Structures are given as structure tokens and as C-alpha cells.
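Residue-level structural notes
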There are 2 protein chains.
Amino acid sequence: MAVYTEVSDDDLNAFISAYDIGDVVGCKGIAEGVENSNYLLQTTKGPYILTLYEKRVNPVELPFFIDLMEHLARTGVRCPVPVMAKDGKALRTLSGRPAAIITFLNGMWPRRIEAWHCLELGKALAELHVAGKSFAQKRANNLSLDGWKTLFDKIDASAAQDVETGLPNLIAGELIDLTKLWPKDLPVGVIHADLFPDNVFFMGKACSGLIDFYFACTDFLAYDIAVCLNAWCFETDGALNVTKAAKLFAGYESVRPLSPAEKEALPTLARGSALRFLLTRLYDWVNTPAGALVKPKDPREYLRKLKFHRSVTGIAAYGLN
Amino acid sequence: MAVYTEVSDDDLNAFISAYDIGDVVGCKGIAEGVENSNYLLQTTKGPYILTLYEKRVNPVELPFFIDLMEHLARTGVRCPVPVMAKDGKALRTLSGRPAAIITFLNGMWPRRIEAWHCLELGKALAELHVAGKSFAQKRANNLSLDGWKTLFDKIDASAAQDVETGLPNLIAGELIDLTKLWPKDLPVGVIHADLFPDNVFFMGKACSGLIDFYFACTDFLAYDIAVCLNAWCFETDGALNVTKAAKLFAGYESVRPLSPAEKEALPTLARGSALRFLLTRLYDWVNTPAGALVKPKDPREYLRKLKFHRSVTGIAAYGLN
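What counts and what doesn't
Residues numbered from 1 in each chain as written. Chains lettered and ligands numbered in written order. Predicted model: local features only at pLDDT ≥ 70, side-chain atom pairs only at ≥ 80, totals over all residues. Helix = DSSP H or I, 4+ residues; strand = E, 2+ residues; numbered from the N terminus. Rg over C-alpha atoms; globule rule 2.2 N^0.38 Å. Buried ≥ 20, exposed ≤ 12 C-beta atoms within 10 Å, placed from the backbone. Contact = placed C-beta atoms within 7 Å. Least-squares fit on C-alpha atoms with pLDDT ≥ 70 in both. Pairing = 2+ DSSP bridges. Axes fitted to C-alpha atoms, helices over the stretch in contact; angles between N-to-C directions. Nonpolar A, V, L, I, M, F, W, Y, C, P; charged D, E, K, R; others polar. Core = buried A, V, L, I, M, F, W, Y, C linked by C-beta atoms within 7 Å. pLDDT = per-residue confidence, 0-100.

**Considerations on the overall build of chain A**
Tallying secondary structure elements over chain A gives 10 helices and nine strands in all. Rg of the C-alpha trace for chain A: 20 Å, near the compact-globule value of 20 Å for 321 residues, within the 12% margin. For chain A, the residues scored as buried account for 41% of the 321 residues in total. For chain A, long-range pairs separated by at least 24 residues make up 72% of all intrachain contacts whose partners lie at least 6 apart in sequence.

As C-alpha cells, then:
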């Protein structure tokens, strides 16, 4: 739940006048997304999303994200497209923040995940990876091994200990293990890197598109599947739903088959992905002041997933063979 | 910032199928309003507001609010209208809550109040009062004198003391004074009772309508003006802006002139209105758990307004004569 920057009517009207998107008839803050301020902008031409980029997004990196969305949409990936202003620029300034208007993507994200969602997700993810092949720009994944170490150093050990006894030692050990185990030579390309259910829209039984590309980067394609495996295929009791996992892989491989090396690396990539969200959630958990508007997510959910992937002895545990 | 009830896709689709409003293409929680869960529902026919009534609203009273909105819209007041389902009912159930779909009102609420807003507000408020004359239903104001006493009894005195030393005594004294001073015989009708800036929409320089009638009740019409005086005419430094107050009254009286008795009662009504919002804010302040999603509003803002109105010796202080 976001909306950090309050936009005045005068600022908004001046901003909108740079575009050819009709007259504003409404602008309401959306209670979704935690990284940026999002408004649903209603104009006489229809609905748009107005995004103000908050401090977690580095302004220098914004052109990468904007260009990527444009590239993906041109290549046939269903995703929001930045709207160019009359001067041809999509990235502007509003209320002192970088801001863009993007098209409204029809659909809703699924609140209760069923196996067929995972099949559709797999297809959409592979289509994204294929479309990303022709995108020339690169952006390092600042939330991979090095980034995890930097983040871990910033987390107060005694606060982490309060979350679960032994947690700092467990994470330190995991960083050592993953540094040894981490793959060196898998297919690389544009990954979404944050494809949680609230970033995947559905209409009826079909995926209508992907949103929120602000963690997108250049990394192992199979790492993106590991992120989805963690975000989509576990039940609330902490157990992996192997049917969902198998659907995810089947959907993905119907568009882009995985190499044997990619499959082999999955338990390690899934451990890494679990550690990544454990660390960012843990950081937010121990650094969010009491009474903050945004409730931090429980890091222990990802600790459980991490422990599961450590116990995995082969990819059959994911319904793969 | 609200959205308390999360609606599943299946529940939503079943709910929408009872209406003739096209197919759903999006449904996003709105970060506005604190009493109910509001979603901006985008369909192939356009935008609508989906409201789920949360626990602060008594379900028994919902027909009053729904019927009032219908009556006002029929009488020419610009406000959202409840949408009837195919069976003719506007009030239904969604995710275990009473729920309604209401039309989307064009416009935005003003973030920075200027004097001309107050003129338009005054006109719109008087138009509401005139239109309400022909509304047959009645609803007592449960947040007037008796309600304030009940609410005050529920507030922990030592917690109130922590907000400002002497506050419990001040409120107790105020309740005694207002019981003596409160008018008995002013024009009565439907009042909005909560007409803060976020409930009044503007397009360009004109008021495009009023929203959020869920505190509406039958009470002194002039009390509604006192609520607006407190909510619209004070600057952030705590001072009354007499120009804004004069515009509010001028706008109101251009549609419905105030009687001498109504004018005379304004300092008392303004004290009462300040006490009402002081009490509800104080109650929320001392009863909101740390870390809650909704940040309670500072009750001291209304304590300052209350003290101002106590010091007023005549209506000239409000720019009236």
C-alpha cells in the first residue's frame, strides 16, 4: 500500500498539459505497490497509471525501465507502455519526483493462486525472456550475491536474532554456501526479478499482462523462474505445491525449453531467491518504525522457503525430471 | 488510506454478474477514505466505485445513505448514485460485507484550499440543504451532544492527559458549557456532517460534486456550515482565514440565506463541531495500535480550533455581520 507523494491539483494540471491524453476527470491514489506512488488517472480518453518514482528507485536507472517497457510492448509482450508527452519524452518531473504516465493494463492480479495461473505465468515469463533477447541495454542485478552481502552487513544482528534465534549465523552460512554453489554459465538475459502475483494480471482464464518492471535487470533467466517458484507455488502452510510448480515449468518450457544445466541449477537458484527476499524483508522488518503506514512483510515466510530448498536433493522435488 | 477487505477475483466476478455494467477490466483499491474499503472498478462501460462497508457503518443505516444519494441525485445535487443491480437492489453483499457500486464522480478534491473553493463549497452545501428538504427519511446525529458524552466516557483519561495536560478537564467543562449553550430551535434538515475537502470534488474552477454521505443525518443545517468552517477555513498555522470564512458564508447565503438565529448560534455550533472532531480523533489516537495501517489524525488540531471558537465574542470574527 503506497502513495507517498501527494500531488497538488495545480502541479497535476501543469503536468498533464504536456501530454495529449485528454482532460483529467479524476486522479486517485492506488493502495497497491510499495516502491512508488501510483495514481489511477482518469481522463476523457480513458484510464492511465501515473507513477511517481520514490527514493528506492535510482533516477539514473529509470531510462532502462522505460525503454524496456517500450521494447517489450513493441515485441508483443503484454505490459503497460510509457506514454510519450507532446515533446516525445516519457520521463518527466512532478511534485519534485521523476514521474511517468503509463497505459492502463486490463486485468486483475489473482488473490488465490490456482494451478492454471502457474501454467499461464510460466508461458508469460518465457515470452518475456524471449522478447528480452533483442533488448540491447543491460542492468546488473544489484540484488544478487554481492548485493545480498551488502544488505546483510546493513542489518543489525541483534534485531535479526530477535526475528529468529540463530538467523544471522544461518544467513552468513548461506552466503558462504551460495558463493561456492552459484552458477557461472547459464543463459543470461532480461529478467523481471520480482514477478509476484500482484505483478501478473489475468482476464478470465488468460494472463493479460505483466507490470512493475522496476527490479528488471540482466541475469540468469532461470533465476526468474526460481523467483516465481517461491512466490507462486508455496501454500500458506509453508509446503511446496508440486502441481503448481510442475505447471509453472510446463508453461515456461512450452515457450522456451530449459537446458539441463538450468534445471540442475534450480535448487541453488531457488535458495538464492529465497535468501534475496528473506534479506530485503528482514531489512524492512527491522528498519520500519512502529506506526509506519506500510506494514512490512514477515521475513520468516522466506526463511521457511530457504530451509525447504536447502533440504532438496534433486529437481524431482519441484515436479521436474 | 483504507482498503480493509481484500476481495477475491471469484467473489468479485460473482458480484458483478448481478449488475448490467459491462465486463470488469480492472479493480484497484483506492488509498482514500478511512471508514470503508473503496475500489476503483474499471469496466467496459467506464469507471465505477465499489464500496464495502466496514464495521464503523451500521448496516441497518445503509438504506438511509443509499436512498439519500438517490434522492439528492434526482433533485439535481451532483453526487455519486448507487447503481441498481438487475434485480433492482443497490445494496448487496461481497466478501461477507455489505457492498454497493456507485457511479464515478468526475473531479478531484483540492489539496490546497483557496478562497474561491470556499465560495463554491458554500453554494454546494446550501444546494444540498435545499434538496434535502424533500427527503422524508430521518436519521439522528449520533455524533452530537449525547454522542460526544458517550465517546468521552470511552476515552481513557490518562491517555488523553498524555496528549495534552488538562485535556480531560477541558473536554468535561466543554460538555457542560455546550449542553447549556446548544441551540434548541434552528432550521433542521439533512446535513452531510463530514464535508472535509476530500469529500468535495472540483473540475477547473467549479465544484463537480460531493461524496461520502455516510455521516449524513438530520440536524441543524447551520451545524454543517460550522463543520465546513473548521475543515476549510483554518490555515496550517492554526489561524482562521477570515477571507475564506466570508466566502463560505457568501456562497451559502447566495442559495439559502441564514436566519439571524442561525448566525447567532455559529460560535456555539463551531465549538461543538470542533469538539466532535477533537473527540473522534482523540478516541482514534489513543486506541490505534502502534504499527496500524492507518495513521490517526492529530487531535490537537481540533483542540486549537475549539480554543479559538471559545475566544470568539461575536460572528464578526468569522467575517459575518
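**Side note on the relation of the copies chain B and chain A**
Mapping chain B onto chain A is achieved by rotating through 180° and translating by 0.0 Å along the same axis, at an RMSD of 0.0 Å. The symmetry that links the two subunits is that of a two-fold axis. The residues that chain B uses at the interface reappear at the interface of chain A in 100% of cases, marking a shared surface.

**Digging into the sheet that holds strand β2 (residues 37–43) of chain A**
All names here are of chain A. Taken together, the five strands give an open sheet; going across it, the order is β1-β2-β3-β5-β4, and neighbouring strands pair in antiparallel fashion. Two strands in the sheet have a free side with no partner beyond their single neighbour: β1 (24–29) and β4 (92–94). Sheet twist, expressed as the average angle between the axes of neighbouring strands with direction ignored, equals 35°. With seven bridges connecting them, β2 and strand β3 (residues 46–52) associate as antiparallel partners. Within β3, the residue paired with Tyr-39 across the bridge is Leu-50.

**What to know about the environment of A:Pro296**
All names here are of chain A. Relative to the assigned elements, Pro-296 resides in the loop between α9 (260–287) and α10 (300–311). When the 17 C-beta atoms within 10 Å are taken as the criterion, Pro-296 is described as partly exposed. With residues near it in sequence (within four places) discarded, Pro-296 still touches Arg-281, Asp-284, Trp-285 and Thr-288.

**A word on the sheet that holds strand β2 (residues 37–43) of chain B**
Across a sheet, paired strands are connected by hydrogen bonds in the backbone, their directions being either parallel or antiparallel. All names here are of chain B. What the five strands build is an open sheet, ordered β1-β2-β3-β5-β4; its pairing is antiparallel. Single-partner strands in this sheet number two, and they are β1 (24–29) and β4 (92–94). If you compare each strand with its neighbour and ignore which way they point, the axes differ by 35° on average. As defined by bridge partners, β4 adjoins strand β5 (residues 97–103) across three bridges and the pair is classed as antiparallel.

**Quick word on the interface of chain B and chain A**
Of the residues lining the interface, 27 residues belong to chain B; the matching set on chain A comes to 27 residues. Put simply, the parts of the chain that give the side of chain B that touches chain A at least two residues each are β1 and β2 of chain B. Partitioning the side of chain B that touches chain A into residue classes produces 13 nonpolar, seven polar and seven charged.

**Here's the deal with unusual backbone geometry**
One non-glycine residue, A:Ser95, lies in the positive phi region at around 50°. On the basis of neighbour counts, which here come to 14 C-beta atoms within 10 Å, the residue A:Ser95 falls in the partly exposed class. At B:Ala193, a residue that is not glycine, the phi angle is positive and equals roughly 75°. Within the secondary structure, B:Ala193 sits in the loop between β6 (188–191) and β7 (200–203).

**A word on the nonpolar core**
Soluble globular proteins tend to pack their nonpolar side chains together in the buried interior. Among the nonpolar cores identified, the biggest contains 109 residues, and B:Ala222, B:Cys228 and B:Leu248 are the most heavily contacted of them. Excluding residues that lie within four positions of it along the chain, B:Leu248 makes contacts with B:Cys118, B:Leu121, B:Gly122, B:Cys228, B:Leu229, B:Trp232 and B:Cys233. One finds A:Phe65, A:Cys79, A:Ala216 and A:Leu258 within the second-largest nonpolar core, a separate group that totals 68 residues.

**Regarding the pairing of β5(B)**
Note that strand β3 (residues 46–52) of chain B and β5(B) share five bridges and pair antiparallel. Residue pairing for β5(B): B:Tyr48 is matched across the bridge by B:Thr103.

**Re the confidence of the model for chain A**
Scored by pLDDT, chain A comes out at a mean of 93, with 96% of its residues at no less than 70. Interface confidence for the predicted complex, expressed as ipTM, amounts to 0.80; the pTM equals 0.86.

**Details of the pairing of β2(A)**
All names here are of chain A. Across the seven residues of β2, six count as buried, placing the element largely inside the fold. Inspection of the sheet shows β1 paired to β2 by five bridges, in the antiparallel sense. Within the sheet, the bridge partner assigned to Val-24 lies in β2 and is Thr-43. Following β2, the chain reverses through two residues before pairing antiparallel with β3.

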